[in-house]
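Architecture and fold: a report
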Amino acid sequence: MRDAPLRICLVTREHPAFGTSGGIGTHTQHLARALAQRGHRVTVLAHGPRETASAEGVRLVGVGARHAWRAPWPARWLGMVARTGPFAVAAARALREEGPFDVLEVPEYQGWGLAAALATRTPVVARLHGHTALVRRLNGQALDLDARLAGLLEAATLRRASLVLASSASLAGAARQDFRPALPRERVAIVPLGVDTRHFRPVCAAATRARLRVPAEAPVLLYAGRLEARKGVWTLLEAFIQVLRRHPEALLVLAGGDPPGGPTLREALRARAAEAGVADHLRLPGHLTQAELPGLYAACDVFVAPSPAEPFGLVYLEAMACGRPVVGCHAGGAPEIVTEGVTGWLVPPNDAPGLAARLSAALTSRPQLMEIGQEARRVATERHSLDALAASTEAWYQVAVAGGRQARQAGAA
């Protein structure tokens, strides 16, 4: 007999419905919808205008505007903490107004859900998305006061949670290292992220290619994601310069926006391409919406995201679901998604010559690319669907709920 439906609350500072993009917001949106389809009552508390809407069984509550703080001078040195504080407090108040709930899921990132987690006796599940220290390390940035305070909020969030979910073993290991002893191994479970295979599917690429000014037969390499150093975009550009020696018709598309509050790499990448004499082979379309992404993936021959330590890599699954072979690194979560020679290829991190050789070899055989792309689509559909994500998450929610019930009974006794 199946367990009774749960009353679930998810907290996120970013959500596509309110015009903010990012992996956490996209994941939350997809998970909420998949959980609702399994019969659960799901509420999402997201940063946005004070309004409530319901769609596909999910109640979306905008919080943040109602309880905004003004922090003029701290924002200069404490940008992350100053932005997180107003939302965190507003989310805690909204949680009390919208509850009760059986389980609360919060991201660890910058302590977005810490105030909500502390304001309730509801069992708390924290999900790892990539903590501040890890992101700073991969971007080659120092841990300033702001980042250290964000790390303290993240550690407090993990200590409050009765269970922690990680999208990959690599991310779990990095978090245990950075948050020891607050995150013992026995409180962490691995739940790979899922992809919406109904939305991300093979589609016609003609319109996207025309918009990007890509000739019909030109081989295209695609990167999609934020333009950050930690994503390996510099390595990719240097590799592409070498690829052009064997494939002079090839084009590179670097699609994505700038990191929030961080420096832009767009002009620096454009300048390097011009210096190397390959500016005409580079496309920088900027941020694309979820609706535009399937066409973008369809427009490429190979998807490339050579991040030296991607915590999971949802973009790999999106590209695979669209029937495209993918290239990642022997690092981070990519090896847990990409199977060498089956759904794509893996290369050493920060190795532009090695990446160039792999890409050049891949572009020499279009029939092989089609075969691998078809297998990538099958793997994404069968192993990484949103329903698979929701089923695994649901099982761990039940563990958290049962543990909370036992704790309350023990307290009553």
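All of the points below concern the structure found in this document.

Calculation criteria
- Residues numbered from 1 in each chain as written.
- Predicted model: local features only at pLDDT ≥ 70, side-chain atom pairs only at ≥ 80, totals over all residues.
- Heavy atoms only, no water.
- Helix = DSSP H or I, 4+ residues; strand = E, 2+ residues; numbered from the N terminus.
- Rg over C-alpha atoms; globule rule 2.2 N^0.38 Å.
- Buried < 20%, exposed > 50% of the residue type's maximum accessible area, 1.4 Å probe, protein only.
- Contact = heavy atoms within 4.5 Å.
- Salt bridge = Lys/Arg side-chain N within 4 Å of Asp/Glu carboxyl O.
- Polar contact = N/O pair within 3.5 Å; in protein donor to acceptor, adjacent residues only side chain to side chain.
- Pairing = 2+ DSSP bridges.
- Right-handed = clockwise from strand over helix to strand, strands pointing away.
- Axes fitted to C-alpha atoms, helices over the stretch in contact; angles between N-to-C directions.
- Parallel < 35°, antiparallel > 145°, perpendicular 65-115°, else oblique.
- Left-handed = near helix turned anticlockwise from the far one by under 90°.
- Nonpolar A, V, L, I, M, F, W, Y, C, P; charged D, E, K, R; others polar.
- Expected span 1.5 Å × (residues − 1).
- Bend = angle between axes of the 7 residues up to and from the residue.

Moving on, we get to the overall build of the protein chain. For the protein chain, the helix and strand inventory stands at 15 helices and 14 strands. By the compact-globule yardstick of 22 Å for 413 residues, the protein chain fits well, its C-alpha radius of gyration being 22 Å. In terms of its C-alpha atoms, the protein chain occupies a principal-axis envelope of roughly 75 × 55 × 40 Å. By the burial criterion, 56% of the 413 residues in the protein chain qualify as buried. In the protein chain, the share of contacts with a sequence separation of at least 24, taken over all contacts with a separation of at least 6, comes to 69%.

Before going further, it helps to examine the pattern of salt bridges. Throughout the structure, instances matching the rule amount to 19 salt bridges. The partner of R226 in a salt bridge is E14, and the shortest N-O contact between them spans 3.9 Å. Taken as a pair, R226 in the loop between strand 9 (220-224) and helix 9 (233-243) and E14 in the loop between strand 1 (7-12) and helix 1 (23-37) lie far apart in primary sequence, 212 residues in all. R226 gets classed as partly exposed once you look at its relative accessible area, which sits at 26%. Close ionic contact of E105 with R127 constitutes a salt bridge, the shortest N to O distance being 2.8 Å. On the criterion of sequence distance, the pair formed by E105 in strand 5 (residues 103-107) and R127 in strand 6 (residues 124-128) is long-range, its members being 22 residues apart. The burial state of E105 is the same as that of R127; both residues are buried. Among the ionic contacts, a cluster of salt bridges with common partners joins R33, E56, D196 and R198.

Before going further, it helps to examine the environment of T120. Summarising the element assignment, T120 is placed in the loop between helix 4 (114-118) and strand 6. Sequence spacing of T120 and P100 is 20 residues, and the spatial spacing of their C-alpha atoms is 9.1 Å. Non-local contacts of T120, meaning those with residues more than four positions away in its chain, are made with L95, L104 and R160. A polar contact is formed between the side chain of T120 and the side chain of T122, at a distance of 2.9 Å.

So, on to the pairing of strand 10 (residues 251-255). Burial analysis of strand 10 places five of its five residues in the buried class, the great majority of the element. Residues L251, V253 and A255 point to one face of strand 10 and L252 and L254 to the other, with burial holding for every one of them. As defined by bridge partners, strand 9 adjoins strand 10 across five bridges and the pair is classed as parallel. Looking at the pairing, Y223 lines up with L254 of strand 10. Tracing the backbone out of strand 9, into helix 9 and back to the parallel element strand 10 gives a crossover that is right-handed.

A few words now on the packing of helix 9 against helix 13 (residues 352-363). Two numbers describe how helix 9 lies on helix 13: the axes approach to 8 Å, and their chain directions differ by 55 degrees. Here helix 13 runs oblique to helix 9, going by the angle between their axes. Read as a crossing pair, helix 9 and helix 13 show a hand that is right-handed. Only A352, P353, L355, A356, L359, S360 and L363 of helix 13 make contact with helix 9, whose side of the interface consists of T235, L236, E238, A239, Q242 and V243. Among the residues making up the contact of helix 9 with helix 13, the classes are represented as nine nonpolar, three polar and one charged.

This paragraph deals with helix 3 (residues 79-98). Taking 1.5 Å per residue as the helical rise, helix 3 with its 20 residues ought to reach 28 Å, and the 29 Å between its terminal C-alpha atoms agrees with that figure. Most pronounced at G85, the bend in helix 3 amounts to some 25 degrees, and the proline P86 follows within four residues.

Running from amino to carboxyl end, helix 9 crosses helix 10 (residues 266-275) at an angle of 20 degrees, the nearest separation of the two axes being 11 Å. Between helix 9 and helix 10, the crossing angle belongs to the class labelled roughly parallel. The two elements helix 9 and helix 10 cross, and the hand of that crossing is right-handed. Taken together, the residues of helix 10 that come into contact with helix 9 (itself represented by V233, W234, L237, E238 and I241) are A268, L269, R272 and A273. Here the contact of helix 9 with helix 10 is built from residues that sort into seven nonpolar, no polar and two charged.

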